[in-house]
Amino acid sequence: MLLYNEPGTSLTIHPAGGKPGFALIFRGQQDFDYRDMEQGRRLVESTYAGGGWLTSLALEEWGASDERYFDAVTRVEVPRWTADRVVLLGDAASCISLFGEGSSSAIVGAKTLADAIVAHPDDHTAAFAGYEHRHRKHVRSLQRGAGITSHLLVPKTRSGITIRNAVLNALPFGSKRIDGP
Ligand SMILES: Cc1cc2nc3c(=O)[nH]c(=O)nc-3n(C[C@H](O)[C@H](O)[C@H](O)COP(=O)(O)OP(=O)(O)OC[C@H]3O[C@@H](n4cnc5c(N)ncnc54)[C@H](O)[C@@H]3O)c2cc1C
């Protein structure tokens, strides 16, 4: 994976099974309609205007592609996952992020719920409460980790980028810095 940052923006190229894909992930608070691809295109283009490295190529590909995905990375904290006989699972309950672990955490949650129902076959209230208690514990640290990952992937400032690079370069698995045009 190749990652290029400017303050508040990132451009990533992922090998994605031999068919490289671009990801443009940036910080912003703008209101937008994620179904309105034209509005999304304008937002991406104005955010990345004048960007370095392969930014102009990525914008061109974005404009030409018919396989665009555009959305906000958001998470709503739901105070309760159950009401009467309704119970939330997966992203609806415990969304992590798009940086990994969301699918596996959804599957773990489903298993935890199934186990809780087996343990309380005649008392769905106790089963749901047991599921929520156990699964909240499981996802809490993952959700915290996603917040940290977002700062590593898209630092807000130039000094944040420098510190992030220094930390990654010091880690044993290493990241490789390529300085280029
Ligand atoms: C760009 C991106 C990259 C990601 N990368 C990763 C990754 O690398 N690893 C990872 O683990 N996770 C990743 N995730 C997160 C992962 O996709 C989710 O955590 C996971 O899909 C959650 O599963 P789910 O079944 O809860 O929800 P979803 O997969 O969102 O399924 C919900 C389903 O309900 C349907 N639906 C919604 N409303 C209704 C309705 N009213 N009636 C009927 N159906 C409805 C939707 O169409 C959808 O099919 C990524 C997410 C994104 C957006």
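For every chain, the first residue of its written sequence is number 1, and the numbers climb from 1 along that sequence. With the structure being a predicted model, the display of local features is reserved for residues of pLDDT at least 70 and the display and counting of side-chain atom pairs for 80 or more, all residues being used for whole-chain, interface and lining totals. Computation of side-chain values covers all heavy atoms of the structure but excludes hydrogens and water.

## Considerations on the sheet that holds strand β2 (residues 9–14)
Criterion used throughout: strands pair if DSSP finds at least two bridges between them. Under the scheme used here, helices are H or I runs from DSSP no shorter than 4 residues and strands are E runs no shorter than 2 residues, and both carry numbers assigned from the N terminus. Ordered by their spatial adjacency, 3 strands build an open sheet running β1-β2-β3, and the pairing between neighbours is antiparallel. In this open sheet, the two strands that pair with only one neighbour each are β1 (2–6) and β3 (21–26). Sheet twist, expressed as the average angle between the axes of neighbouring strands with direction ignored, equals 15°. Where β2 lies against β3, 6 bridges are found, and the strand directions are antiparallel. Bridging across to β3, His-14 finds its partner in Gly-21. Whenever a helix is involved, its axis is fitted only over the stretch in contact; in every case the axis is a line through C-alpha atoms, and angles between N-to-C directions fall within 0 to 180 degrees.

## So, helix α6 (residues 158–170)
Expected span, for any helix, means 1.5 Å times one less than how many residues it has. With 13 residues, α6 should cover 18 Å at 1.5 Å per step; its first-to-last C-alpha distance of 19 Å lies within 8% of that length. Contacts are assigned to residue pairs that have any heavy atoms within 4.5 Å of one another. Those residues of α6 that are buried are in contact with β1 and α5 (124–153).

## Side note on a nonpolar patch on the surface
Judged by side-chain polarity, Ile-163, Val-167 and Leu-171 come together as a nonpolar surface patch covering roughly 250 Å² of accessible area. Residue position: Val-167 is located in helix α6. Overall, the relative accessible area of 46% leaves Val-167 in the partly exposed class. Without a salt bridge and with relative accessible area above 30%, a residue can belong to a patch; like charges are then joined within 9 Å and nonpolar side chains (Val, Leu, Ile, Met, Phe, Trp, Tyr) within 5 Å. We get accessible surface area from the Shrake-Rupley algorithm with a probe of 1.4 Å; when it comes to residues, only the shown protein chains can shield them. Counted as salt bridges are all cases of a side-chain nitrogen of Lys or Arg within 4 Å of a carboxyl oxygen of Asp or Glu. Only protein chains enter the calculation, and the probe is 1.4 Å; a residue is then buried if its accessible area is under 20% of its type maximum, exposed if over 50%, and partly exposed in between.

## Digging into the domain arrangement of the protein
Domain limits in this description derive from either an automatic procedure or a database domain assignment. Split into domains, the protein comes out as domain 1 (2–72) and domain 2 (74–181). Look at where the C-alpha atoms of domain 1 and domain 2 centre, and you get two points 24 Å apart. The interface of domain 1 with domain 2 comprises 13 residues on the first partner and 15 residues on the second. For any pair of parts, buried area is found by adding up, for both, the accessible area (1.4 Å probe) each one loses once the two are put together. Approximately 1100 Å² of surface area, both sides summed, lies buried where domain 1 meets domain 2, with 61% of it carried by carbon and sulfur atoms. Summed over the three residues of domain 1 that lose the most area to domain 2, namely Asn-5, Pro-7 and Arg-27, the buried surface amounts to 50% of that side.

## Topic: the packing of aromatic side chains
Stacked, tilted and edge-to-face pairs are distinguished by plane angle, under 30 degrees for stacked and over 60 for edge-to-face with tilted covering the rest, among Phe, Tyr and Trp rings (Trp via its six-membered ring) whose centres lie within 6.5 Å. For the coordinates displayed, the defined rule picks out 5 aromatic pairs. Ring centres of Phe-26 and Tyr-48 lie 5.8 Å apart, and the angle between their planes is 85°; this geometry places the pair in the edge-to-face category. You can see Phe-26 sitting in strand β3 and its partner Tyr-48 sitting in helix α1 (residues 37–48), a full 22 residues away along the chain. Residue class for Tyr-48 comes out buried when judged on its relative accessible area of 4%. Residues Phe-32 and Phe-70 carry aromatic rings whose centres are separated by 5.0 Å and whose planes lie at 50° to one another, so their mutual orientation is tilted.

## Some thoughts on the site of the ligand
Taken together, Tyr-69, Gly-90, Asp-91, Ser-97, Leu-98, Gly-100, Glu-101, Gly-102 and Ser-103 make up the full set of residues near the ligand. Within the side chain of Asp-91, one N or O atom sits 2.7 Å away from an oxygen atom of the ligand. Each polar contact in these results corresponds to two N or O atoms within 3.5 Å; when the atoms are within protein, one needs to be able to donate a hydrogen and the other to accept it, and residues that are neighboring in sequence are counted only if both atoms are side-chain atoms. At a separation of 3.1 Å, an oxygen atom of the ligand approaches a polar backbone atom of Glu-101. Expressed as a share of its isolated accessible area of 1000 Å², the protein-covered part of the ligand is 32%. Secondary structure elements with two or more residues in the shell around the ligand: α3 (90–94) and α4 (102–119). Ten residue types, Ala, Val, Leu, Ile, Met, Phe, Trp, Tyr, Cys and Pro, are classed as nonpolar, four, Asp, Glu, Lys and Arg, as charged, and the remainder, Gly among them, as polar. Taken together, the residues of the shell around the ligand sort by class into 2 nonpolar, 5 polar and 2 charged. Throughout, near means a residue has at least one heavy atom within 4 Å of the molecule or strand.

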